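Architecture at a glance
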Amino acid sequence: MLVCEDLVKTYRTRRSVGPARPAVDGVSLGVAPGETFALVGESGCGKTTVARMAVGLLRPASGRILLEGRDLARMRGRELMTLRRQVQIVFQDPAGALDPRQTVGGAVAEPLLLHRLGGPSWRRRETERLFRQVGLGPREMGRFPHQLSGGQKQRVLIARALSLRPRYIILDEPVSALDVSVRAQILNLLAAIQAELGLGYLLISHDLAVVRNVASRAAVMHRGRLVEEGPVEEVWSRPAHPYTRALLKAIPVPDPALRPEPPSSPPPEPEADPVGARADSCLYESLCPRSARLCRRRRPRPERADHWVACHYPLILRRRDDPGPPR
Amino acid sequence: MVEDVLRVIDLRAEFRSARGPVKAVDGVSFSLQPGRTLALVGESGSGKSATALAIPRLLPDPPGRVTGGQVLLRGRDLLELDPDEMPRVRGREIAMVFQEPASALNPVMTVGDQVAESVRTHRRPGGPVRAAVIEALARAGVPAPEKRLRQYPHELSGGLKQRVLIAIALACGPSVLIADEPTTALDVTVQARILDLLAYLGRRLGLALLLITHDLGVVARTAERVAVMYAGRVVETAPVGRFFRSPLHPYSRGLLEAARMTRDDTGSFRVIDGAVPDLADLPSGCRFHPRCAVARLRAACAGPPPPAREAGPGHTVECWYPGEAAVGRAWAGCARAPAGPRPAAAEVNSRSAGL
Ligand SMILES: Nc1ncnc2c1ncn2[C@@H]1O[C@H](COP(=O)(O)OP(=O)(O)O)[C@@H](O)[C@H]1O
Ligand code: SF4
Ligand code: SF4
Ligand SMILES: [Mg+2]
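Residues numbered from 1 in each chain as written. Chains lettered and ligands numbered in written order. Predicted model: local features only at pLDDT ≥ 70, side-chain atom pairs only at ≥ 80, totals over all residues. Heavy atoms only, no water.

1. Some thoughts on the overall build of chain A
Along the backbone of chain A there are ten helices and eleven strands. Relative to its length of 327 residues, chain A is compact, with a C-alpha radius of gyration of 21 Å against a globular reference of 20 Å. When the backbone C-alpha atoms are referred to their principal axes, chain A occupies close to 65 × 50 × 45 Å. Residue pairs in contact within chain A that sit at least 24 positions apart in sequence constitute 65% of those at least 6 positions apart. When the accessible surface of chain A is totalled, it reaches about 16200 Å², and 51% of it is carbon and sulfur. Side-chain charges of chain A comprise 51 positive and 34 negative groups, with the mean position of each set lying 5 Å from the other. (Helix = DSSP H or I, 4+ residues; strand = E, 2+ residues; numbered from the N terminus. Rg over C-alpha atoms; globule rule 2.2 N^0.38 Å. Contact = heavy atoms within 4.5 Å. Areas by Shrake-Rupley, 256 points an atom, 1.4 Å probe, with all protein chains shown as cover. Lys, Arg positive; Asp, Glu negative; His and termini not counted. Charge placed at Lys NZ, Arg CZ, Asp CG, Glu CD.)

In structure tokens form, the structure reads like this:
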């Protein structure tokens, strides 16, 4: 398992006075081999920060990253290098993630070189193999990024992530820069690779349709915190957090029969962060239709369950023997 | 029958490039009616934005150039107008909203001043500007508009910026609004509200709305009619209900399957093979044929390009074999096949054998 435990990260900003609200605040999640775990949420909610901590590109202020039960922070030198190889990342923007002056073959071979694996001819064969694995030919190896389509660039990045033979891959919005017809090609490729190699994926996405179709579990992130987690089918059919429901309702479905009634007055833009909101309130409070006094005074904590929610007044009923959060 | 405010007829526009002319708009026709929304949908590079810019003659020239067709605004051809008259048309009749709200606003000018600029240039003289500015912002659903006048764009969320742009666009009372991917840069919850706002304003103000998007979910949520664009041409136009029930063009079907994330019997998502063609080097015949599964069984597809044909009320499609499923039903569509070029049986057999 790749486990993130209670991760916290605060960025210092120039403009803020006083202690800044953490970008990531107590996020815990686990990815099992062969499984796709999705982290969903809107832009700026902290998904990419979690991703960067999970691959070790960013040090958490507190919390731990455990790989097969071993704490990454306690490891040094060779051991750390070896362990790090096992978690790789594919970034969102395929164009920006590749060096325009480097051939894409070079880009895929680079991690092998950096980790001093094999000699030149082995690396070349290995690169060829990786290209084949992602559905590209050896002809593409000598090309530069601008000579490839968006989908081909994303394949190159997947090949690069695979080069160190990881056990987990973090996919940060892997298809959101792609057209829908190409999106399906890349998702099929990722599924085939997962089936073949038994990889665990941490899929980070704002696209709830994609998540529903490819992930087995999902956590919903809102302003640095997880608000709900569970099996995808459960969460999608019975969302418990008001924010999850709002997200699901907002997805435009490609079926005009499901079109909501057109509004009879201009839908106003809510103010997300009213002044005076308390740090220990529920962060969805200002937008939540169910908000009550308790929500402003106490931060809702998750109850531990297969499908859990951090909300004082969740949308689905608790089991009768469940006392709920302390009031 | 509602009268057309804007009719685009056989519009053509190209960009000069090192590889020769890029035919971004290659014979596009559609019309807009007051209070109705037409969605122009297609993948990136299909020519949607070029179409949007060509209508109000905003294509950057060079490298862009309108090379033919008509843009009739209440019967008057905008492409024939003196260039000096265009600012007036753009001010009073056609307004635009673009994808990136951040870059469309002036970062060093207050919100109030930017809306006021639009109010002043396009308003009949007289009347207090400040009140008109506040009214324009309020109409776009900007909360506490008086407080926004002195704010700068960077102080606003993405959704609010887009609302300010909508306020600016509508301050001049246009009859046509062209919105190019107005919600693509926004989060889903914000997107839903902006789409609702556009739908509301469109009906309330009787706007003829051209909504450009790559997202069929957005189309289903907002539009009355849809036009699918592929490689510079509109390949299918239909009322949304008909379109989502029974799209006829193989590309439309592929797009819809991709949007719905349909799987085939092996459990893989259905894909459209290949990629969008290079507009400087289009394939011969039907421009979709190198990617079209039907074309593998039909030699006609590589012959002369299919013309637009009527396929039902308000439904036109540019395809020799509309509605045909690709594999296993090679002959089923024959009754509907065109009288024009038709594949010889031997050819079809050899092709299907190769599948
Ligand atoms: N300023 C420009 N200069 C040269 N080519 C351009 C320019 N803008 C767009 N194009 C080309 O025109 C074609 C259509 O682009 P565009 O209208 O932006 O498509 P869409 O909006 O459907 O994504 C593309 O091949 C694109 O590269
Ligand atoms: S804790 Fe209260 S404000 Fe927060 S989501 Fe639940 S009901 Fe809404
Ligand atoms: S004309 Fe032929 S190639 Fe073109 S879309 Fe129709 S079936 Fe496909
Ligand atoms: Mg565009």
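2. Topic: the environment of I65(A)
Residues and elements named next belong to chain A. Turning to its location among the elements, I65 is positioned in strand β4 (residues 62-67). Accessibility expressed as a relative area gives 6% for I65, which makes it buried. In sequence terms I65 and S28 are 37 residues apart; their C-alpha atoms lie 9.4 Å from each other. Those residues within four positions of I65 in sequence are excluded, and the remaining contacts are L2, V3, C4, L7, M53, A54, R70, D71 and L72. (Buried < 20%, exposed > 50% of the residue type's maximum accessible area, 1.4 Å probe, protein only.)

3. Points about the pairing of strand β3 (residues 37-41) of chain B
All names here are of chain B. With five of five residues buried, β3 lies mostly within the body of the structure. In β3, alternate side chains face the same way, and those of T37, A39 and V41 on one face and L38 and L40 on the other are all buried. As paired elements, β3 and strand β8 (residues 208-213) share five bridges and run parallel to each other. Note on β8: the bridge partner recorded for A39 is L211. The pairing of β3 with strand β9 (residues 225-230) spans four bridges and is parallel. Its bridge partner lying in β9, L38 is registered against R225. (Pairing = 2+ DSSP bridges.)

4. So, the site of ligand 2
Inspection of the region around ligand 2 gives 13 residues, with C282(A), C288(A), C295(A), C311(A) and H312(A) positioned closest. Taken together, the residues of the shell around ligand 2 break down into eight nonpolar, three polar and two charged. (Near = heavy atom within 4 Å. Nonpolar A, V, L, I, M, F, W, Y, C, P; charged D, E, K, R; others polar.)

5. Overview of the confidence of the model for chain B
Residues and elements named next belong to chain B. On average, chain B scores 87 in pLDDT, and the residues at 70 or more come to 89%. Counting interchain partners and residues more than four positions distant, the pLDDT-below-50 stretch residues 326-355 has 41 contacts. The complex model carries a pTM of 0.87, and its ipTM stands at 0.86. (pLDDT = per-residue confidence, 0-100.)

6. Re the interface of chain B and chain A
Each partner contributes to the interface: chain B provides 47 residues, whereas chain A provides 35 residues. Roughly 3500 Å² is buried in total at the junction of chain B and chain A, and carbon and sulfur atoms are behind 57% of that figure. When the buried area of chain B at its contact with chain A is split by residue, V188(B), R221(B) and M261(B) rank highest and sum to 17% of it. Between chain B and chain A we count two salt bridges in total. For R163(B), the salt bridge identified is with E269(A), shortest N-O distance 2.7 Å. For the interface between chain B and chain A, the tally reads 18 residue pairs in polar contact (both at pLDDT 80 or more). Of all the secondary structure elements, the ones that give two or more residues to the side of chain B that touches chain A are α7 (158-170), α8 (188-205), α9 (216-222), α10 (240-245) and α11 (250-260) of chain B. It is α8(B) that provides the largest number of residues to the side of chain B that touches chain A, a total of ten residues. Here the side of chain B that touches chain A is built from residues that sort into 21 nonpolar, ten polar and 16 charged. (Buried area = accessible area lost by both parts, 1.4 Å probe. Salt bridge = Lys/Arg side-chain N within 4 Å of Asp/Glu carboxyl O. Polar contact = N/O pair within 3.5 Å; in protein donor to acceptor, adjacent residues only side chain to side chain.)

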